[in-house]
Amino acid sequence: MKLLAIAALALVLAGCGGDSPGKNESKNGSERPAIEFEITKDEVERRKRSVEVLLAERINKAQLTNVAKYLFEGGHDNTFMGYYIEGDSDYSYWATTHYNPELNVRILGSTIEQHNALQDSAADDNRDVVGEWSASRGIESHITIYTEGSEIRMSQRFQDGSDLDSLLYESVVNGETRYTADYAKDMGEYYVIGDDGRLQMWSDNGNYYTAPIDD
């Protein structure tokens, strides 16, 4: 009788284990999508769950939807998820998905197509270029500082295809070369090309963003 009881218990435990999600399944049973990402924050406050996700690269809206479905957990109908792109600024989310309770998916930064278009426009540049950088502070842009005759100028192409071209004023303060755009003369903002080649953006409050070299 004792052996029968042990065998019966083993069958019950085996049955329970069969219902548990696999290592690639979420708590809601969804399969993990073939997308590289990492959860950097997962908190529940009152009745709202907040999740932050670091993506290895930009993905499309359908893939973003699949990630959201994988991360969603029952019992948290109000679930907000914010997404960053590795290597981009953490100034703001690149995209968000929000269950409340229906799923709403929004890409706030540049899409894959917009990002690639910016890269292509940089490759076609044949000006006398001082440096090129990729800036992503919510809105992505490609920045080029170049010379034209005796002038130093800066052009910015944004993710929506629009352009801004500005004259730069050069000054040296405590041995540091600063560039101030004509539209920002009275704003206390300026640019510095760092020793590492990255483009530093400064204001009266300090270095608020540094754009990596566009290579």
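Below, the structure is looked at part by part.

Rules and cut-offs
Residues numbered from 1 in each chain as written. Predicted model: local features only at pLDDT ≥ 70, side-chain atom pairs only at ≥ 80, totals over all residues. Heavy atoms only, no water. Pairing = 2+ DSSP bridges. Helix = DSSP H or I, 4+ residues; strand = E, 2+ residues; numbered from the N terminus. Axes fitted to C-alpha atoms, helices over the stretch in contact; angles between N-to-C directions. Phe/Tyr/Trp six-rings, centres within 6.5 Å; stacked < 30°, edge-to-face > 60°. Lys NZ or Arg CZ within 6 Å of the ring centre and 35° of its normal. Salt bridge = Lys/Arg side-chain N within 4 Å of Asp/Glu carboxyl O. Buried < 20%, exposed > 50% of the residue type's maximum accessible area, 1.4 Å probe, protein only. Patch = residues over 30% accessible without salt bridge, like charges linked within 9 Å, V, L, I, M, F, W, Y side chains within 5 Å. Areas by Shrake-Rupley, 256 points an atom, 1.4 Å probe, with all protein chains shown as cover. Polar contact = N/O pair within 3.5 Å; in protein donor to acceptor, adjacent residues only side chain to side chain. Contact = heavy atoms within 4.5 Å.

1. Some details on the sheet that holds strand S5 (residues 103-107)
Taking strand neighbours across the sheet as the criterion, the 5 strands line up as S1-S2-S3-S4-S5 in an open arrangement whose pairing is mixed. With one partner strand each, in any of the chains shown, strand S1 (37-45) and S5 form the two edges of the open sheet. Between one strand axis and the next, the sheet turns by 15 degrees as a mean value, whatever way the strands run. When strand S4 (residues 95-99) meets S5, the two strands line up antiparallel, connected through 5 bridges.

2. Considerations on the packing of aromatic side chains
Tallied over the entire structure, the rule returns 5 aromatic pairs. With centroids separated by 6.2 Å and ring planes inclined at 70 degrees, the aromatic side chains of Phe 37 and Tyr 70 adopt a geometry described as edge-to-face. Of this pair, Phe 37 sits in strand S1 while Tyr 70 is found in helix H2 (residues 61-71), placing the two residues 33 residues apart along the sequence. Taken together, the aromatic side chains of Phe 80, Tyr 84 and Tyr 93 make up a single cluster linked through ring pairs. The positively charged end of Arg 32 is found above the aromatic ring belonging to Phe 37, 4.0 Å away from the centroid.

3. Overview of the pattern of salt bridges
Following the criterion strictly, the structure yields 9 salt bridges and no others. As a salt-bridge pair, Arg 157 and Asp 163 come within 2.7 Å of each other at their nearest N and O atoms. By relative accessible area, which is 48% here, Asp 163 ends up partly exposed. A single salt-bridge network, built from bridges that share partners, covers Asp 42, Arg 49 and Glu 73.

4. What to know about a nonpolar patch on the surface
A cluster of nonpolar residues, Leu 164, Tyr 183 and Met 187, forms a patch on the protein surface that exposes about 270 Å² of accessible area. The class for Tyr 183 is partly exposed, based on a relative accessible area of 38%.

5. Observations regarding the side chain of Arg 49
Mapped onto the elements of the fold, Arg 49 is located in strand S2 (residues 48-55). Assessed through its relative accessible area of 2%, Arg 49 is described here as buried. Polar side-chain contacts of Arg 49 include one of 2.8 Å to the backbone oxygen of Leu 71. Excluding anything up to four places from it in sequence, Arg 49 contacts Asp 42, Glu 43, Val 44, Leu 71, Phe 72, Glu 73, His 76, Asn 78, Thr 79 and Phe 80.

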